[in-house]
Amino acid sequence: MRIGRAPRRRRSTSGRVLLLTAVTLASALTLTACSDDGGKPSGSAGGNYVTGKSGISTVAKGSRDEAPKLDGETVDGGTLDTTALKGKVVVLNVWGSWCPPCRAEAPYFAKVSKELEAAGKPVAFVGINTRDTSKQNAASFEENFGITYPSLYDPDGKLMLRFPAGTLNAQSIPSTIVLDKEGRIAARTLVAVSEQQLRSMIDPLLAEQ
């Protein structure tokens, strides 16, 4: 008696498509992997912005896009809504405690934020902590580097997905985005910054009328 082989199961095409979609979405949520090679973003221009040699992209005052509402729980257990900060230049820094370039730039953020606050300048610093699995790690990072401004706790990177496509959004960790006093996206860099670079993103916006 001849025993036939069981028919081979055909792999579902729709299943493969769903798997690929899930992988793509997961990659988007985690953003670009953190690196400490000091690399700069490629390209000199795109959309309505221009990228200088320093890797800082800027948008002319009349061409800026409105920033999305970024709100939620902070690392220290409070709550924050960035739309309440209009009237101030807002410095958004995306960081993770596990990220070497984030550790390299943290002292500059601590120093500049404290000095501008002491000088009474209309500037608000807001961190966006991402891909940290616990608030404890993030809180320890802030304590070690003397970070005194609040950070939204965003382990899945969902807040960054609120930025409209084509705007100066966060595409790496670390990233820094600076909003003008009207809550519009004015500048961005996708690499760790020095104190001089950080001030160069803030000072022109403070001087705007």
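Cut-off values and rules
- Residues numbered from 1 in each chain as written.
- Predicted model: local features only at pLDDT ≥ 70, side-chain atom pairs only at ≥ 80, totals over all residues.
- Heavy atoms only, no water.
- Helix = DSSP H or I, 4+ residues; strand = E, 2+ residues; numbered from the N terminus.
- Buried < 20%, exposed > 50% of the residue type's maximum accessible area, 1.4 Å probe, protein only.
- Contact = heavy atoms within 4.5 Å.
- Areas by Shrake-Rupley, 256 points an atom, 1.4 Å probe, with all protein chains shown as cover.
- Axes fitted to C-alpha atoms, helices over the stretch in contact; angles between N-to-C directions.
- Parallel < 35°, antiparallel > 145°, perpendicular 65-115°, else oblique.
- Left-handed = near helix turned anticlockwise from the far one by under 90°.
- Nonpolar A, V, L, I, M, F, W, Y, C, P; charged D, E, K, R; others polar.
- Arc of directions from axis to C-beta.
- Right-handed = clockwise from strand over helix to strand, strands pointing away.
- Pairing = 2+ DSSP bridges.
- pLDDT = per-residue confidence, 0-100.
- Polar contact = N/O pair within 3.5 Å; in protein donor to acceptor, adjacent residues only side chain to side chain.
- Phe/Tyr/Trp six-rings, centres within 6.5 Å; stacked < 30°, edge-to-face > 60°.

Description of the overall build of the protein
Thinking step 1. From N to C terminus, the protein includes four helices and ten strands.
Thinking step 2. When the helices and strands of the protein are read in sequence order from the N terminus, they spell out α-β-β-β-β-β-β-α-β-α-β-β-β-α.
Thinking step 3. Across the 209 residues of the protein, 41% fall into the buried class.
Thinking step 4. Within the protein, contacts between residues separated by at least 24 positions form 71% of all contacts whose residues are at least 6 apart in sequence.
Thinking step 5. Element-wise, carbon and sulfur atoms account for 53% of the exposed surface of the protein, whose accessible area totals about 11,600 Å².

Some words on the packing of helix H2 (residues 100-118) against helix H4 (residues 195-207)
Thinking step 1. Packing of H2 against H4 leaves a shortest axis separation of 9 Å and a crossing angle of 45 degrees. As judged from the angle between their axes, H2 and H4 are oblique. Viewed along their axes, H2 and H4 form a crossing whose handedness is right-handed. For the pair H2 and H4, the contacting residues are Tyr108, Phe109, Lys111, Val112, Glu115 and Leu116 in the first and Glu195, Leu198, Arg199 and Ile202 in the second.
Thinking step 2. Residue composition of the contact of H2 with H4, grouped by class: six nonpolar, no polar and four charged.

Quick notes on helix H3 (residues 135-145)
Given 3.6 residues to a turn, an α-helix orients residues that are three or four positions apart in the same direction.
Thinking step 1. Looking only at H3, the buried set comprises Ala138, Phe141 and Glu142. An end-on view of H3 places all buried positions within 95 degrees of arc, on one side of the element. Across H3 from its buried face, at more than 90 degrees, point the exposed residues Gln136, Glu143 and Asn144.
Thinking step 2. The inward-facing, buried residues of H3 abut strand S6 (89-95), H2, strand S7 (123-130) and strand S8 (151-154).
Thinking step 3. Phi for Gly146, located one or two positions after H3, is positive at around 70 degrees.

What to know about the pairing of S6
Thinking step 1. The buried count for S6 comes to seven of seven residues, which makes it a mostly enclosed element.
Thinking step 2. Of the two faces of S6, the one carrying Val89, Val91, Asn93 and Trp95 and the one carrying Val90, Leu92 and Val94 are both buried.
Thinking step 3. Note that the unit made of S6, H2 and S7 has a crossover that is right-handed.
Thinking step 4. Summarising the sheet, S6 and strand S9 (residues 175-179) pair through five bridges and their orientation is antiparallel. By the bridge assignment, Asn93 is partnered in S9 with Thr176.

Overview of unusual backbone geometry
Thinking step 1. Along the chain, Ile173 connects to Pro174 via a cis peptide bond; the corresponding omega equals 5 degrees.
Thinking step 2. Among the secondary structure elements, Pro174 is positioned in the loop between S8 and S9.

Points about the confidence of the model for the protein
Detailed reading of the predicted coordinates is not advisable wherever pLDDT is low.
Thinking step 1. The predicted model of the protein averages 84 in pLDDT, with 78% of residues at 70 or higher.
Thinking step 2. Between residues 5-33, whose pLDDT stays under 50, and residues either more than four places distant or in other chains, the model counts 17 contacts.
Thinking step 3. Contacts of residues 35-46 to residues separated by more than four positions or lying in other chains number 16 contacts, the stretch itself having pLDDT below 50.

Comments concerning the side chain of Arg184
Thinking step 1. Along the chain, Arg184 turns up in the loop between S9 and strand S10 (185-189).
Thinking step 2. Of the residues examined, Arg184 reaches a relative accessible area of 15% and is grouped as buried.
Thinking step 3. One polar contact links the side chain of Arg184 to the main-chain carbonyl oxygen of Lys61, over a distance of 3.4 Å.

Examining the packing of aromatic side chains
Thinking step 1. A complete count under the given rule lists four aromatic pairs for this structure.
Thinking step 2. On the numbers, 6.4 Å between centres and 85 degrees between planes, the contact of Phe109 with Phe125 is edge-to-face. Pair noted here: Phe109 is in helix H2 and Phe125 is in strand S7, with a separation of 16 residues, a long-range link. By the burial criterion, Phe109 is buried, and Phe125 matches it.
Thinking step 3. Seen from their ring centres, Phe141 and Phe145 are 4.8 Å apart, and the 50 degrees between their planes marks the pair as tilted. With Phe141 and Phe145 both in helix H3, this residue pair falls four residues apart, about one helical turn.
Thinking step 4. By relative accessible area, which is 25% here, Phe145 ends up partly exposed.
Thinking step 5. Linked through ring pairs, Trp95, Phe141 and Phe145 together constitute an aromatic cluster.

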